[in-house]
Each structure stands twice: as structure tokens, then as C-alpha cells.
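Residues per chain, in single letters:
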Amino acid sequence: MQNIDITHQDNNAAQRPLRDLHALTKTYQRGSVGKSIGQLVSTFMPIFLLYPIGIHSMHTYPVLTILSALLIAGLIIRAFMLQHDCSHGSFFRSMKVNEILGFLIGILTLTPHACWRRFHLMHHSGNGNLEKRGYGDVKTLTVAEYAALPLLKKWYYRLYRHPLILFGFGAFLFFLVRQRLTCRVPKSWIKERWSIHGTSLGIFTVASVIAVVADDAWSILFFHIGVMFIATGVGVWLFYIQHQFPDAYWKDDSDWRFHEAALEGSSFYDLPRVLHWITANIGYHHIHHLNVNVPNYHLPKCYRENDEFKRAKRFTLRESLKFSRLKLWDERKQKMVSFHALKKGS
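Here the structure is a predicted model, which means the values were calculated and not measured.

Q: Teacher, can you tell me more about the overall build of the protein here?
A: Helices and strands together make up the secondary structure of the protein, namely 16 helices and five strands. Seen along its three principal axes, the alpha-carbon backbone of the protein occupies a region of about 65 × 50 × 45 Å. Among the 346 residues that make up the protein, the fraction classed as buried is 49%. Restricting to contacts in the protein with at least 6 residues of sequence separation, those with at least 24 account for 70%. Accessible surface computed for the protein: about 17900 Å², of which carbon and sulfur atoms make up 65%. Considering the protein, the positive charge centre built from 41 side chains and the negative charge centre built from 24 side chains are found 5 Å apart.

Q: Looking at this model, I keep getting lost on helix α9 (residues 190–213). Mind explaining?
A: An α-helix turns once per 3.6 residues; consequently, residues spaced three or four apart project the same way. Taking 1.5 Å per residue, 24 residues should reach 34 Å; α9 reaches 35 Å between its end C-alpha atoms and fits that length. Taken together, the buried positions of α9 are Glu192, Arg193, Ser195, Ile196, Thr199 and Gly202. Close packing links the buried residues of α9 with α4 (95–109) and α5 (113–126).

Q: What's the story with the sheet that holds strand β5 (residues 335–337) in this structure? I'm lost.
A: Each strand in a sheet pairs with another by means of backbone hydrogen bonds, the pair being arranged parallel or else antiparallel. On the basis of which strands lie adjacent, the open sheet formed by three strands has the order β1-β4-β5 and mixed pairing. Edge strands, defined here as strands with exactly one partner in the open sheet, are β1 (141–142) and β5. Bridge analysis of β1 against strand β4 (residues 328–330) gives two bridges, and the strand direction is parallel. Pairing of threonine 142 across the sheet is with tryptophan 329, part of β4.

Q: Sorry if this is basic, but what is going on with the pattern of salt bridges here?
A: Where charged atoms from two side chains of opposite charge approach closely, those side chains can pair. Under the criterion given, the structure shown has five salt bridges. In this structure, glutamate 99 and lysine 191 form a salt bridge, with 3.1 Å as the shortest nitrogen-oxygen distance. Here glutamate 99 is found in helix α4, whereas its partner lysine 191 is found in helix α9, with 92 residues between them in sequence. Relative accessible area serves as the criterion here: at 25%, glutamate 99 is assigned to the partly exposed category. Judged by its relative accessible area of 49%, lysine 191 falls in the partly exposed class.

Q: What exactly am I supposed to notice about a positive patch on the surface here?
A: A cluster of like positive charges, contributed by Lys35, Arg273, Lys301 and Arg304, occupies part of the molecular surface. Along the polypeptide, lysine 301 turns up in helix α14 (residues 299–305).

Q: What exactly am I supposed to notice about a negative patch on the surface here?
A: Together, Glu131, Asp252, Asp253, Asp255 and Glu331 line one region of the surface with negative charge. Tracing the sequence through the fold places glutamate 331 in the loop between β4 and β5. Take glutamate 331: its relative accessible area is 36%, and that puts it in the partly exposed class.

Q: I keep staring at the packing of helix α8 (residues 163–176) against helix α10 (residues 217–241) and nothing clicks. Help me out?
A: For any two helices packed against each other, one specifies the crossing angle of their axes together with the interaxial distance. Where α8 meets α10, the axes come as close as 8 Å, and the angle between the chain directions of the two elements is 105°. In terms of orientation, α8 and α10 fall into the roughly perpendicular class. Note on element contacts: α10 touches α8 through Ile225, Met228, Phe229, Thr232, Gly233, Val236, Trp237 and Tyr240, opposite Leu166, Phe167, Gly168, Phe169, Ala171, Phe172 and Phe175. Classifying every residue of the contact of α8 with α10 by side-chain character gives 12 nonpolar, three polar and no charged.

Q: Would you mind showing me how to read the nonpolar core here?
A: Nonpolar side chains in soluble globular proteins tend to be buried together. Formed by 55 residues in total, the largest nonpolar core has its most connected members in Tyr51, Ile76, Met81, Phe223, Val227 and Tyr240. Among all residues touching valine 227, those that are not within four sequence positions of it are Tyr51, Ala69, Ile72, Ala73 and Ile76. One finds Leu24, Ala262, Phe268 and Ala312 within the second-largest nonpolar core, a separate group that totals 15 residues.

Cut-offs applied
- Residues numbered from 1 in each chain as written.
- Predicted model: local features only at pLDDT ≥ 70, side-chain atom pairs only at ≥ 80, totals over all residues.
- Heavy atoms only, no water.
- Helix = DSSP H or I, 4+ residues; strand = E, 2+ residues; numbered from the N terminus.
- Buried < 20%, exposed > 50% of the residue type's maximum accessible area, 1.4 Å probe, protein only.
- Contact = heavy atoms within 4.5 Å.
- Areas by Shrake-Rupley, 256 points an atom, 1.4 Å probe, with all protein chains shown as cover.
- Lys, Arg positive; Asp, Glu negative; His and termini not counted.
- Charge placed at Lys NZ, Arg CZ, Asp CG, Glu CD.
- Expected span 1.5 Å × (residues − 1).
- Pairing = 2+ DSSP bridges.
- Salt bridge = Lys/Arg side-chain N within 4 Å of Asp/Glu carboxyl O.
- Patch = residues over 30% accessible without salt bridge, like charges linked within 9 Å, V, L, I, M, F, W, Y side chains within 5 Å.
- Axes fitted to C-alpha atoms, helices over the stretch in contact; angles between N-to-C directions.
- Parallel < 35°, antiparallel > 145°, perpendicular 65-115°, else oblique.
- Nonpolar A, V, L, I, M, F, W, Y, C, P; charged D, E, K, R; others polar.
- Core = buried A, V, L, I, M, F, W, Y, C linked by side-chain atoms within 4.5 Å.

Given below as C-alpha cells:
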């Protein structure tokens, strides 16, 4: 796999400065109400149809239940990505509509919209900045920082970065429990703190109605837990892989540049077409970071019509799987490394 520097291609007459590339994306900013509504219908209608199928087949056709759970999990991931577009104000032109829709989707995705939105926008403003880590990112230490930790904290970091935790139990508990708490949200964030309480109330209300109305509430709960375990794990993986690859972009604040971080620190996750649909084109992450106002359904077109964006750091699904071993940023080598590579000193 060859990664080509998008800023230094003297033999390419079409090469543009990074700021010009940002201007290029503005052509694709204008959203379509029809496409946005179509995405909502194509996402939520199958969810409502598949839930009864998955639940009622639990005791008779378990294979059908498993298949339904996988499909619903994929659709919930897609719903989260639509909520993500709402957080950037790119899904509908009205910010009020985006906020209301984002809040409602957040009840399904277990994500308080206003609070997540604020943390996520901070992530965009400091992605790849070593002095601004911790806002919507997967926690990443440098080799020097890890070496300076006491033994217990080293084991904690290793546990946190283990795939079974990061993309399994930890991801599920983060969405289910951590996003119900305000303990790490500044007290001055009044709106964001209320969004946490409002989302939790919405989840409790929906669960209470189901418990009263449904004949077999425990089967529904068991099925939904399985669905969310899959959805949260894959969701965290998607956010992980967009910025955690061998030659990722991490700089000190004095050397950090927004446009470089967007294009060099965000991957193009070249997925099969059906997975691009499920993930609402979040794989075109380098373009998204360059201009968050481009709706998800215009990202592929922007990519196809501009060769400059095809020189991004591209990874296929198969190639990306080995990146789960990357744990630390080596400032000397300017690349992500594994614990094993650190031990070998290679």
C-alpha cells in the first residue's frame, strides 16, 4: 500500500494548496431536503420492520434473529451517522430542525446530542494536536508518556486499548453508562448537561412504555442489548480507524495546521458500497474533516469529481484490521506503533 503526500506532488499539475482544496469542497455544501428525508426513511423504516421479526423468531428461528440483529445494528450505526450530520448542521438547513432530530435519534443511539456535539466539534478543531487530545478521541499516548507512567497506569492503558475492551465491553458501557453521567461535563455547559438528562429520560420513557405494552419485555431487552453491543463496538471502530493508522498526523500545537490535520490525519476508508451506505459515507473522512458542512450524501461525489482527494491515505477493510495493534504515537519516528514494536525497540 502506498500513501502519497497530498501536499508535495511536483509532477502533478493538478495539485492545489490545501486551502484551495477547502474552497473546492464548498461546491458540495448545499444539501437536499429530499435526500435527507429519503435517508431517514431508508434508515428507520427497516429498523421498525426488523425489530418484531428479530424478537418473535428468537425461540423458533434463532438464525433469523441473529441476522435481524446484525441488520438492525448496521442501521443504528447509520442512524448515528445521520445524527453526526445533524451535529454539524449539514443534514437540514435549519439548525433547530437538526437539533430536534439529533436529540430524537440520540434516544435510539444512547447519545445526548448537544453534549456529544460540543465534544465532537472540539475534536474537529484539534484533531492531531498533541496539546488538545481527549475531546471525542480514542485516548492515545506518546511513547514517552507511556514510558513515564507507573506500572499500574501502564496496565490500565493496555487494558483500555485492548480490542475486547475498546471495541467490545468498553464501547457498550461507554454508550450505556458513561453517556448518562455529567461528572466530566463542565458545570458551565448548561445546555449540554440538560441534553444528557433529557436523553436519559427519553430512554427511560421508551423502555417504560415497552415494559407496559409488550407481552415479553425481557425478550425485547435481551435482543436490544445484543443489537447495541454490536452497534457500539462497530461505531467505536469507525471512529478509531479514521485517525489511528501507521503514519497518522500528530503535531505539537506550534506545528499543528488545520488543513494538514484534516487531510493527512484522516483516512479514506475504502469500504464496499453497502458498507459505505450503512456508515453514511463516513469513510470519506478526509473530505469531511476538511469541510464539515458537506452532507454525507455529497461526499462520494466530491471524491469522484476531484482527483486531489484521491491522493488521501486510503485503506481497505482488510488492510485496516491490523491497525487495531497500534497503541502509541512515536514522536521520534512520527508514526503509530504497537506495544510489541516498542518492546523490540524497532
